[in-house]
Structure formats: C-alpha cells, structure tokens
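# Structural features, examined
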Amino acid sequence: QKNVGILAMEIYFPPTCIQQEVLEAHDGASKGKYTIGLGQDCMGFCTEVEDVISMSLTTVTSLLEKYKIDPKQIGRLEVGSETVIDKSKSIKTFLMQIFEKCGNTDIEGVDSTNACYGGTAALFNCVNWVESSSWDGRYGLVVCTDSAVYAEGPARPTGGAATIAMLIGTDAPITFESKFRGSHMSHAYDFYKPNLASEYPVVDGKLSQTCYLMALDSCYKRYCKKYEKLEGKQFSMDDADYFVFHSPYNKLVQKSFARLMFNDFLRNASSVDESAKEKLAPFSTLTGDESYASRDLEKATQQVAKSQYDVKVQPTTLIPKQVGNMYTASLYAAFASLIHNKHSTLAGKRVMMFSYGSGLSATMFSLRLREGQHPFSLSNIANVMNVAEKLKSRNEFPPEKFVEIMKLMEHRYGAKDFVTSKDCSLLSPGTYYLTEVDSMYRRFYAKK
Ligand code: ACO
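Predicted model only: the values in this text are computed from it and were never measured.

### Re the site of the ligand
- As a matter of local geometry, the ligand sits amid 26 residues, with Lys-33, Ser-208, Lys-251, Lys-255 and Arg-295 nearest to it.
- With respect to the ligand, the backbone of Lys-31 contributes an N or O atom lying 2.8 Å from a nitrogen atom.
- The protein chains hide 79% of the 1000 Å² of surface that the ligand would expose on its own.
- When contributions to the shell around the ligand are tallied by element, the ones reaching two or more residues are α2 (33–37), α6 (205–231) and α7 (250–266).

### As for the environment of Val-437
- On the secondary structure map, Val-437 appears in strand β17 (residues 432–437).
- By relative accessible area, which is 1% here, Val-437 ends up buried.
- Separated by 23 residues in sequence, Val-437 and Gly-414 place their C-alpha atoms 10.0 Å apart.
- Ignoring any residue separated from it by four or fewer positions in sequence, one finds Val-437 in contact with Ala-415, Lys-416, Asp-417, Phe-418, Arg-442 and Arg-443.

### What about the packing of α6 against α7?
- Two elements in contact, α6 and α7, have axes separated by 10 Å at closest approach and are oriented at 40°. Viewed along their axes, α6 and α7 adopt a mutual orientation that is oblique. The hand of the α6/α7 crossing is right-handed. Of the residues in α7, those touching α6 at Tyr-212, Leu-213, Leu-216, Asp-217, Tyr-220 and Lys-221 are Leu-252, Lys-255, Ser-256, Arg-259, Leu-260, Asn-263 and Asp-264.
- Here the residues of the contact of α6 with α7 sort into 6 nonpolar, 2 polar and 5 charged.

### Quick look at the sheet that holds β17
- Ordered in space as β16-β17-β18, the 3 strands form an open sheet in which the pairing is antiparallel. The open sheet terminates on both sides in strands that have one partner only, identified here as β16 (418–419) and β18 (443–447).
- Two strands pair when backbone bridges link them, and β17 and β18 are joined in this way by 5 bridges, in the antiparallel orientation. When the bridges of β18 are listed, Leu-434 appears paired with Tyr-445.

### A few points about the domain arrangement of the chain
- Here the chain is partitioned into domain 1 (5–173 + 382–447) and domain 2 (179–371).
- Distance from the C-alpha centre of domain 1 to the C-alpha centre of domain 2: 24 Å.
- Tallying the contact residues gives 57 residues for domain 1 and 50 residues for domain 2.
- Of the roughly 4300 Å² buried at the junction of domain 1 and domain 2 (both faces included), carbon and sulfur atoms supply 61%.
- For domain 1, the biggest contributors to the area lost against domain 2 are Cys-116, Tyr-117 and Tyr-413; these three give 14% of the whole.
- Counting across the domain 1 and domain 2 interface gives 1 salt bridge.

### Observations concerning helix α3 (residues 52–66)
- When the terminal C-alpha atoms of α3 are compared, their 21 Å separation across 15 residues agrees well with the 21 Å that a helix rising 1.5 Å per residue should span.
- Within α3, 13 of the 15 residues are buried, which leaves the element mostly enclosed by the surrounding structure.
- Measuring from the backbone nitrogen of Ile-53 back to the side-chain oxygen at the start of α3 gives 2.9 Å, which picks out Asp-51 as the cap.
- A positive phi of about 55° marks Lys-68, the residue just after α3.

### Brief notes about a positive patch on the surface
- A cluster of basic residues, Arg-222, Lys-225, Lys-226 and Lys-229, forms a positive patch at the surface.
- Within the fold, Arg-222 resides in helix α6.

### Describing the sheet that holds strand β15 (residues 395–396)
- One open sheet accounts for 3 strands, arranged β3-β2-β15; its pairing is mixed. Strands at the two margins of the open sheet, each flanked by one partner only, are β3 (42–44) and β15.
- Relative to β15, strand β2 (residues 16–19) runs parallel, the two sharing 2 bridges. Within β15, the position partnered with Thr-16 by the bridge is Asn-395.

Definitions and cut-offs
- Residues numbered from 1 in each chain as written.
- Predicted model: local features only at pLDDT ≥ 70, side-chain atom pairs only at ≥ 80, totals over all residues.
- Heavy atoms only, no water.
- Near = heavy atom within 4 Å.
- Polar contact = N/O pair within 3.5 Å; in protein donor to acceptor, adjacent residues only side chain to side chain.
- Areas by Shrake-Rupley, 256 points an atom, 1.4 Å probe, with all protein chains shown as cover.
- Helix = DSSP H or I, 4+ residues; strand = E, 2+ residues; numbered from the N terminus.
- Buried < 20%, exposed > 50% of the residue type's maximum accessible area, 1.4 Å probe, protein only.
- Contact = heavy atoms within 4.5 Å.
- Axes fitted to C-alpha atoms, helices over the stretch in contact; angles between N-to-C directions.
- Parallel < 35°, antiparallel > 145°, perpendicular 65-115°, else oblique.
- Left-handed = near helix turned anticlockwise from the far one by under 90°.
- Nonpolar A, V, L, I, M, F, W, Y, C, P; charged D, E, K, R; others polar.
- Pairing = 2+ DSSP bridges.
- Domains from an automatic or database assignment.
- Buried area = accessible area lost by both parts, 1.4 Å probe.
- Salt bridge = Lys/Arg side-chain N within 4 Å of Asp/Glu carboxyl O.
- Expected span 1.5 Å × (residues − 1).
- Patch = residues over 30% accessible without salt bridge, like charges linked within 9 Å, V, L, I, M, F, W, Y side chains within 5 Å.
- Lys, Arg positive; Asp, Glu negative; His and termini not counted.
- Charge placed at Lys NZ, Arg CZ, Asp CG, Glu CD.

Printed below as a string of structure tokens:
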C-alpha cells in the first residue's frame, strides 16, 4: 500500500478551563511555578456533563461529518485511553452507536491501555492493518481520549482533557516511515492507577521524569541505529524538521529536546557545532545516572538547544500548553498544534514523534508530510480542527469552582444511580454530554 498514514484529524477539548496563574495563586505555590516552572498556561477539564466517552462521540461524529466520510467506510476502530470507566466494556463499543445506526457493525478493534501510550498502540494497530493482508480497503479510525485529573498536590496543575480522532488510509498527507521505529519498554512504578476506586493515579513525579528521559535516550539511539542501518549514513537532529513530544507539561518538553542535543553531542553527530561542543565538553565523562541528576548539564543543554527549540519544537507546543496533559491525546495534540501553525509550509518535512506512557512503554517514530488532496490535505485538516477558535471560545473558571467540580467528580467516579445537571449551556452545538447513570451503571448521553 502506498503512503499509508493519517488522512484526516479532528480534536475536541472541553470548553471549560482554568488559568495556571490563577491556580498557582489559589494553591499557594510560588509565583511562576506553574507558568514558568512547569511551562503551562492553562488547563482544560471535564465538568460533570462530559467524560471520555462523550468527548469521543463528539469528536468521531464531527470528523465523519466534516470530511464527509460515510460511517460504512470505516473497517477498523481503535481507541487509546487510560481513563477507566469500565473494566470490561471498551470505549470503542460505546462509539459503535454511531456506526450501528448506519448498519455498519463490521468493525474490528477495541481499546488499548498503557498510560499515555495507548493512543500510539491504537495508531500502530490501524496503520499495520492498512499495510497488512487482512486490510479490506476501508478506513481505520483511531481515537485517543483522556481526562487527566490528579489529587490535590504538586501534580494537580499537570492535568488536562481532550480527544483526538485520526482517519487512517492510503495516499495520506501524513505518512509513516515505519521502518525507523525505535521502542523502549520496561517495568517501572513511576505513575500507575492501582486504586480502582479512584480516578487519580499514584505518581512518583521525580521518578517519572527520569523514566521519561531514559526512555527518550533509548528510543532515540534505536531510531538512529535503524536509520543508519537502512540508509547507510549517520542520523542527526539536522535530518528532522520538527520534534513532537508527549507533553505532560512544557518544561519536560524543553528538557527532552535539550537531551536529544546531548545525545547528538555524545554520538559526535554533525548537528552539534563547535561552540556547543565546547559548552558540553565538561559533561562528556558523566555516567548515565549522573547525567540524569546533573542540574548543570540540564542548564547547559537547554542553553545550547534554545535557538533550535524555537524553530523545531515551539510550533508544536500550543495546545499542550493551553489544555495541559491530555494523556493518550497529548502527543497528537502537539502534532495538531504543528499543523495548525505551519500547515502551508509542511510539505516534504520530516517530523519526529516521541510517545511515552508510564509503567512504561515508549516509541520514537517519524512522519513524512505531503500537501495531499482535498479533503485530505494539511490545510483542510488545519481548517477542520479550527484550533484558534476552539481555544478562544473557552470559559475560564475560578479556582473555587474548579475544586468543587473535582470533588463532585470524585464522588461520581464508579458511582451509579444519578442524573447529571444536563446543563449544556457552555457546550457548542453537536457536543455529546452525559445525562444519566442508571441503577445498572448504564450510561446515557444526549447531543446538544
Ligand atoms: N518560578 C519559576 N520556576 C519555578 C518556581 C517559580 N516560582 N518554583 C518552582 N519552579 C520550577 C522548579 O525549579 C522546577 O523546574 P526545573 O525542573 O527546571 O528545576 C519546576 O518549577 C517544577 O518544580 P518542582 O519543585 O520540581 O515541582 P514539583 O516536584 O512540586 O512537581 C512534578 C512537579 C513532579 C512534575 C509534578 O507536577 C508531577 O508529579 N506531575 C505528574 C507527573 C508527570 O507528569 N510526569 C511526567 C511524565 S509521566 C506522565 O506523562 C504522566
């Protein structure tokens, strides 16, 4: 199959958010901790009428409508999520409501779960299907959907919520360089959800940062090795135009890009110039563990990487900074930011993608972009996603209201026999919302 990849995208995030500056003051954190320290501007969250299922219904319906895709044309539907609403029934089966109506129940795929990595697993499943002998010529559809909420404390400002849907097929404007994937998977307790009675994760924040950076190093090395074996020449950061990272908060993205620069320095790659080499030389003898702990190295690499960061990473940071960690949707929301900002100049570019899910699973892979044919063109994808308008039309909540909603959601998690306020006044037309969970835990949704 030729040019297998992403044909179309749609993004949805709740119209409800809180400014990080406001949350910071409310939490009694030092001024600048969330905005400069974590690098975040704003955080989106679901109110009691929205959840990962309603957001997915909204996003999939919108994608099918806006790109004029007949639901019968979908042959595989894969969902990535780490927001557990049911331990057995997949989110995918809720989405079948959309397709059953049109007489299409012949759709493979279920949910994939491993922290923020589930979306990438779902995406690879769809891409592999289209490339395989079991492909029947129809489209694949990937849905990444999560609501990231944390208990009160230092992790709370790194929440977020969103859904991304991606249509997979041939002759795509966003194609996969499938031969160059580099993965790193291992057993770690950095972030996990062992308490099934709570939506909140158990998180070792510091360990999760180190696990993330170690996985990044390992994936990058493997990616380079595969590239070099197949292409017969060294890979360096100069060979890629943009770097998109899973974005729990922007500061980690800044550190990650700088860390890749350090990798290139250690590999003696052509991307590192003489003055950068001089600045990084004092760190060349650090052991791996020392290098993750060194604040001086972190500062030096970030300084050396700054100008390249502005060109190759900054255009990918808009939605993650404005909405927060969207777990499985985070990496793809960062990629959506790039399309939003640069769609008219992306043809021919190579984009590096780094997916990380705690626990842990990580993959680095790359995409090649082409302008594509309407409606599956980069400019139309930017047009459909309409990111600027969606960001602008959000409602900012005061912190007291935000905390009140978090408390209510704690009670609602895993509960039965309740009706919601059904207040959809803040939702735009076409948005699905939760109306009721009955005595059998069955969930009911309506469309505004
Ligand atoms: N002005 C400017 N910067 C400040 C200020 C201030 N007033 N106060 C603190 N900072 C800086 C700190 O120096 C630090 O930056 P640095 O790392 O460059 O030194 C940053 O703000 C954060 O401060 P910390 O004290 O390190 O923050 P804390 O430990 O309280 O919490 C953490 C941060 C660990 C990221 C927490 O939010 C968390 O656990 N989040 C969830 C876990 C997570 O997202 N992990 C990432 C990978 S796993 C995943 O995706 C879920």
